[in-house]
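The residues making up each chain are set out below.
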Protein chains: 2
Amino acid sequence: MLFVFDLDGVIYRGNQPAPCAAQTVAEIRKSGHLVFFLTNNSAKTRIQYAQKLAEMQIKASPEEIMTSAYATALYLKENGFDGATAFVIGEEGLFAELSPIGVAFAEPSEDCRADVVVVGIDRSINYLKLKSAQQAILHGARFIATNRDATYPLENGRVEPGAGSIVAAVEVASGVSPIVIGKPETYSLEKILGLTGSKPEETVVVGDRIDTDVAMGKTAGVKTVLTLTGVTSREDILELPPHLMPNLVLENLCHLIQALC
Amino acid sequence: MLFVFDLDGVIYRGNQPAPCAAQTVAEIRKSGHLVFFLTNNSAKTRIQYAQKLAEMQIKASPEEIMTSAYATALYLKENGFDGATAFVIGEEGLFAELSPIGVAFAEPSEDCRADVVVVGIDRSINYLKLKSAQQAILHGARFIATNRDATYPLENGRVEPGAGSIVAAVEVASGVSPIVIGKPETYSLEKILGLTGSKPEETVVVGDRIDTDVAMGKTAGVKTVLTLTGVTSREDILELPPHLMPNLVLENLCHLIQALC
């Protein structure tokens, strides 16, 4: 089996590990199953996520982590944008993953031009960046969004604006809808299946969001587990249409192995 | 007759007056008709708009100008928010129009609380402001948007992101849709009809946008004139559904009087 874990809201909230996260991942590995981590958050590099997991006593190599930033780099390379000019609204993780494929980064400017505009979470967002993205797209740049998460969960049960909030601003200003790379699109999961040599029927996605994790899993035909440690509550599940109902709903990761294996 | 002129794209683009703007307004006044100016742009105060018009040799008192910012102040007062706490994403015009109704302005903060969140164009937008609006709305603040214009026209035929771009970011982050005050809603036009004692059948709206100026005019049952000096092109008109077709389409304001009077 391949276990694909979402990070924010499943493995941790902010810097607070979710109950049983470390021991569950360790036991899954010990039983001979494969583990991968898949996050829509493009703020950090895969190396930084591996370090964050290590600080929580969770063993993970950067090669076992897929971020929407890395998936975006893979997509750009596959579509001939290696070596292109990119205007990027994003943080360190996005720039760091796009650099190795040889893109040149356009600076924000009133008259910004680029082959591609990439938008992810950027907590230094400002009007000039919005306008630069708008101008480049109106002049023909392809518009790529790392993901559309409306919010990200924080330690204290609160949320903050997600990449989807910034993507919406660029979408309205440009009148163009983006190509979305992250969940609920299946692109990043397909990459994981390719890298691990796994089939959908031997794969389970563990997430905290219906609209990203579960929706992606359903489209890809893999098993889906929802944990209630993130943005979805038990009441939310009562209103779900059947095609979005996860195979399993768990309070947290503590009983994942007993429930599945 | 009452002539209600949009500003950006009709009377001027940026600081460049549209052809015949000053002489047309003067001739309409000379013929004994009423003139009002109605803009969705909340960046400036009514006094500043009157000054800008004066610089273009267009006579207008602040009392003949309706902005989405002033309309928002009227709406808040009518709905019992005078004296309330407001978190405002906006520029000078919005703050200046809201001050006289006695609202207290909440500062941006990680834990922002307010009775109402008001969002207009803000070229100093940043992540903390987005997050403050999100937190206040999630904690029960009423969400008001001055307008949803996706873009604003500039001198050189280009555009920049409009209030609608920022409103969309707050809407996605909070999951709540705003009450919209400006065009295409009819609230601001109704206030103008009230202030001038005019009836819809003796009123004409002159605008450059189908989705705001014309749509509002159609809903309110007034005559609509579209000028091609702003964001709408002649090709755009070919694709219009009948219920959004303006009564008259003019290249610019130069032949407005001959066409209407």
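Residues numbered from 1 in each chain as written. Chains lettered and ligands numbered in written order. Predicted model: local features only at pLDDT ≥ 70, side-chain atom pairs only at ≥ 80, totals over all residues. Heavy atoms only, no water.

1. A few points about the domain arrangement of chain A
Residue and element names in this part refer to chain A.
Then, in step 1: According to the domain assignment, chain A consists of domain 1 (2–40 + 183–260) and domain 2 (81–180).
Then, in step 2: The distance between the C-alpha centroids of domain 1 and domain 2 comes to 26 Å.
Then, in step 3: Residue-level contacts link twelve residues of domain 1 with eleven residues of domain 2.
Then, in step 4: When domain 1 packs against domain 2, the two sides together hide about 960 Å² of surface, and 49% of this comes from carbon and sulfur.
Then, in step 5: On the domain 1 side of the contact with domain 2, Arg13, Asn40 and Arg209 bury the most area, a combined 51% of that side's loss.
Then, in step 6: Linking domain 1 to domain 2 there are zero salt bridges. (Domains from an automatic or database assignment. Contact = heavy atoms within 4.5 Å. Buried area = accessible area lost by both parts, 1.4 Å probe. Salt bridge = Lys/Arg side-chain N within 4 Å of Asp/Glu carboxyl O.)

2. Comments concerning the interface of chain B and chain A
The figure often quoted for interface size is the accessible area lost as the parts come together.
Then, in step 1: Each partner contributes residues to the interface: chain B has 26 residues there, and chain A has 26 residues.
Then, in step 2: The junction of chain B with chain A conceals about 2200 Å² of combined surface from both sides, 60% of it contributed by carbon and sulfur atoms.
Then, in step 3: Taken together, chain B and chain A are joined by four salt bridges.
Then, in step 4: Here B:Asp111 ties to A:Arg158 by a salt bridge, and the two come within 3.8 Å at their closest N and O atoms.
Then, in step 5: Our count for the chain B to chain A interface comes out at twelve residue pairs in polar contact (both at pLDDT 80 or more).
Then, in step 6: Residues that form the side of chain B that touches chain A fall into these classes: 13 nonpolar, six polar and seven charged. (Polar contact = N/O pair within 3.5 Å; in protein donor to acceptor, adjacent residues only side chain to side chain. Nonpolar A, V, L, I, M, F, W, Y, C, P; charged D, E, K, R; others polar.)

3. A few points about the relation of the copies chain B and chain A
Then, in step 1: Note on the identical chains: chain B maps onto chain A by a rotation of 180° and an axial translation of 0.0 Å, with an RMSD of 0.0 Å. Within this description, the copies of the chain are treated as partners about a two-fold rotation axis. (Least-squares fit on C-alpha atoms with pLDDT ≥ 70 in both.)

4. With respect to the sheet that holds strand 6 (residues 85–89) of chain A
Two pairing modes exist for strands in a sheet, parallel and antiparallel, and in both the strands are linked by backbone hydrogen bonds.
Residues and elements named next belong to chain A.
Then, in step 1: Pairing in this open sheet of five strands is parallel, and the strands run 7-6-8-9-12 from one edge to the other. On the outer flanks of this sheet lie strand 7 (104–105) and strand 12 (179–180), each paired with one strand and no other.
Then, in step 2: Two strands pair when backbone bridges link them, and strand 6 and strand 8 (residues 116–119) are joined in this way by four bridges, in the parallel orientation. In the sheet register, alanine 86 faces strand 8, and the bridge partner there is valine 116.
Then, in step 3: Against the sheet, helix 3 (residues 68–78) makes contact with strand 8, strand 9 (142–145) and strand 12, and its axis sits at roughly 150° relative to strand 9, the strand it touches most.
Then, in step 4: Contacts from helix 5 (residues 127–138) reach strand 6, strand 8 and strand 9 within the one sheet, and its direction differs from that of strand 6 by about 145°. (Pairing = 2+ DSSP bridges. Helix = DSSP H or I, 4+ residues; strand = E, 2+ residues; numbered from the N terminus. Axes fitted to C-alpha atoms, helices over the stretch in contact; angles between N-to-C directions.)

5. A look at the environment of A:Thr186
Residues and elements named next belong to chain A.
Then, in step 1: Within the secondary structure, threonine 186 is located in the loop between strand 12 and helix 7 (187–196).
Then, in step 2: Note on threonine 186: relative accessible area 16%, which makes it buried.
Then, in step 3: It is 29 Å that separates the C-alpha atoms of threonine 186 and alanine 106, two residues lying 80 residues apart in sequence.
Then, in step 4: Setting aside residues no more than four positions away along its own chain, threonine 186 makes contact with Met216, Thr219 and Ala220. (Buried < 20%, exposed > 50% of the residue type's maximum accessible area, 1.4 Å probe, protein only.)

6. Some thoughts on helix 1 (residues 21–30) of chain A
All names here are of chain A.
Then, in step 1: Of the residues making up helix 1, those classed as buried are Ala21, Thr24, Val25, Ile28 and Arg29. Projected down its long axis, helix 1 shows its buried positions confined to an angular sector of 130°, all on one face.
Then, in step 2: Taken together, the buried residues of helix 1 touch strand 1 (2–5), strand 4 (34–39) and helix 10 (256–260).
Then, in step 3: Where helix 1 ends, the next residue or the one after it, glycine 32, has phi of about 90°, a positive value. (Arc of directions from axis to C-beta.)

7. A few points about the packing of aromatic side chains
Within a pair of aromatic rings, the relevant descriptors are the distance that separates the centres and the angle that separates the planes.
Then, in step 1: Tallied over the full model, the rule gives eight aromatic pairs over all chains.
Then, in step 2: Between B:Tyr75 and B:Tyr187 the ring centres are 5.6 Å apart and the planes differ by 80°, which places this aromatic pair in the edge-to-face class. Taken together, the residues span a long stretch of sequence, with B:Tyr75 in helix 3 (residues 68–78) and B:Tyr187 in helix 7 (residues 187–196) at a distance of 112 residues. Accessibility assignment for this pair places B:Tyr75 and B:Tyr187 in one class, buried.
Then, in step 3: Members of the aromatic cluster, each reached through a chain of ring pairs, are A:Phe3, A:Phe5 and A:Phe37. (Phe/Tyr/Trp six-rings, centres within 6.5 Å; stacked < 30°, edge-to-face > 60°.)

8. Focus: the sheet that holds strand 8 (residues 116–119) of chain B
Residues and elements named next belong to chain B.
Then, in step 1: Taken in spatial order, the five strands make up an open sheet running 7-6-8-9-12, and their pairing is parallel. Because the sheet does not close on itself, it has two edges, and the strands there are strand 7 (104–105) and strand 12 (179–180).
Then, in step 2: In this structure, strand 6 (residues 85–89) lies alongside strand 7, joined through two bridges in parallel fashion. Paired with threonine 85 across the strands is alanine 104, a residue of strand 7.
Then, in step 3: Packed on one face of the sheet, helix 5 (residues 127–138) meets strand 6, strand 8 and strand 9 (142–145) and runs near 145° to strand 6.

9. Some words on the side chain of B:Gln134
Then, in step 1: With respect to the element layout, B:Gln134 can be found in helix 5.
Then, in step 2: A distance of 3.2 Å separates polar atoms of two side chains, one belonging to B:Gln134 and the other to B:Gln135.
Then, in step 3: With residues near it in sequence (within four places) discarded, B:Gln134 still touches A:Thr151, A:Val159, A:Glu160, A:Pro161, B:Ala173 and B:Ser174.

10. Observations concerning unusual backbone geometry
Residues and elements named next belong to chain A.
Then, in step 1: For the peptide bond that leads from lysine 183 to proline 184, omega is 10°, which places it in the cis range.
Then, in step 2: Topologically, proline 184 is positioned in the loop between strand 12 and helix 7.
Then, in step 3: In the Ramachandran plot, glutamine 57 falls in the positive-phi region, its phi being about 65° despite a non-glycine side chain.
Then, in step 4: With respect to the helices and strands, the residue glutamine 57 is situated in the loop between helix 2 (46–55) and strand 5 (65–67).

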